[in-house]
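Residues per chain, in single letters:
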Amino acid sequence: MMLNINKRPSRKETGIVLVGTALFILLTALFIGLRPEHVFMAGLYLLLFFSGLPTRKLAVALLPFAVFGISYDWMRIWPNYEVNPVDVAGLYHLEKSLFGITYQGDLLIPCEYFAIRHWTFADALAGIFYLCWVPVPIAFGIWLYLTKARRTYLRFSMVFLFVNLIGFVGYYLYPAAPPWYAIEYGFEPVLNTPGNVAGLGRFDSLVGMNIFGSIYGRNANVFAAVPSLHAAYMVVALVYAVIHRCRWYVIALFAVVMAGIWATAVYSCHHYIIDVVLGVACALLGILIFEKGLMKSKKFKRFFDTYYNYIR
């Protein structure tokens, strides 16, 4: 199946997009509550799709990222703490037993240590690194698309979505509180706890803006620490930068950003070291299953080739 070569989409394409967008708006309004960003993203997608052939191809190509955003937001409908009990104490004590730091006679988890011992320069770097966790992979994907590396783009974007779905399954199988929760609330899970900026609030104070405060105020679920998808995204971007044979300085930059995000996750009290390790494992597992499993399946490969022909 090839994309309609005319500037205008076919009736079938038009119907699918309009019905899909209407359902997204309706279901979001009914079960979550419609926010301005929902309307903006829906309007932007329709604008891209109906503006012409080049932007229509881009709109279709961006679907994996759109599905990622929608699926994350829609976890609010059925929170993971309603599926399985939340672990707060077990993860905290395991982290302390594996990576505990002795400070002034007390054994602390690394996050507790950094809550006490932190530095302005590190706070600034932490904020910069954590602002990269989604924008850099998405920008990399768009760069692949715009430079006509669309087969690699499609592999990357599909793996990005696939890794997220694996992580979301992990959230439901094992709801777990982040370290800032254990530090602030203790070991008893308090459901519907609002998101917390934790150590990233120091960056907001430095720049005089409520950047991370606004981001974590929209957190879909605070009991979704394991695996750390913050740690996973740049692993996916780095692997596909290597596969695409990007310039050495691009690969080096991605590696630095990746390591910076890992360090920030712990330094800012948003993730245990255990979460980060499992996030990396989640990314590598997703890449392995996709490349060595799904891409070897004739049915999936047929779907992939159809999708590729649609956007090339």
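Residues numbered from 1 in each chain as written. Predicted model: local features only at pLDDT ≥ 70, side-chain atom pairs only at ≥ 80, totals over all residues. Heavy atoms only, no water.

Engineer: Sorry, what's going on with the overall build of the chain here?
Structural biologist: When its secondary structure is counted, the chain shows 16 helices and two strands. By the compact-globule yardstick of 20 Å for 312 residues, the chain fits well, its C-alpha radius of gyration being 21 Å. In terms of principal-axis extent, the alpha carbons of the chain reach across some 70 × 45 × 40 Å. Counting all 312 residues of the chain, 46% fall into the buried class. Of the contacts formed within the chain by residues at least 6 apart in sequence, a portion of 78% connects residues at least 24 apart. (Helix = DSSP H or I, 4+ residues; strand = E, 2+ residues; numbered from the N terminus. Rg over C-alpha atoms; globule rule 2.2 N^0.38 Å. Buried < 20%, exposed > 50% of the residue type's maximum accessible area, 1.4 Å probe, protein only. Contact = heavy atoms within 4.5 Å.)

Engineer: Would you take a moment to explain the UniProt feature "transmembrane region" (unreviewed entry) in the chain for this structure?
Structural biologist: Residues annotated in UniProt with the feature "transmembrane region" (unreviewed entry) correspond here to residues 15-34, 46-72, 124-146, 153-174, 222-243, 248-266 and 272-290. With 83% helix and 0% strand, the stretch residues 124-146 has end C-alpha atoms that lie 32 Å from each other. Segment residues 272-290 splits into 95% helix and 0% strand. End C-alpha atoms: 27 Å apart. (UniProt positions renumbered as here; feature names shortened; annotations may be inferred.)

Engineer: Looking at this model, I keep getting lost on the domain arrangement of the chain. Mind explaining?
Structural biologist: Accessible area lost upon the coming together of the parts serves often as the stated size of an interface. As far as domains go, the chain holds domain 1 (1-83) and domain 2 (84-311). Its C-alpha centre places domain 1 at a distance of 24 Å from the equivalent point of domain 2. The partner domain 2 presents 32 residues to the 26 residues of domain 1 that form the contact. The contact between domain 1 and domain 2 buries some 2,800 Å² in all, and 66% of this surface belongs to carbon and sulfur atoms. (Domains from an automatic or database assignment. Buried area = accessible area lost by both parts, 1.4 Å probe.)

Engineer: Even after reading the chapter, I still don't get the packing of helix 2 (residues 36-51) against helix 3 (residues 53-61), so can you show me in this structure?
Structural biologist: Geometrically, a packed helix pair is captured by the angle between its two axes and the distance between the axes. At a closest axis distance of 5 Å, the pairing of helix 2 and helix 3 adopts a crossing angle of 135°. For the element pair helix 2 / helix 3, the angle class is oblique. Across from Tyr-45, Leu-48, Phe-49 and Ser-51 in helix 2, the residues of helix 3 making contact are Thr-55, Arg-56, Leu-58, Ala-59 and Val-60. Taken together, the residues of the contact of helix 2 with helix 3 sort by class into six nonpolar, two polar and one charged. (Axes fitted to C-alpha atoms, helices over the stretch in contact; angles between N-to-C directions. Parallel < 35°, antiparallel > 145°, perpendicular 65-115°, else oblique. Nonpolar A, V, L, I, M, F, W, Y, C, P; charged D, E, K, R; others polar.)

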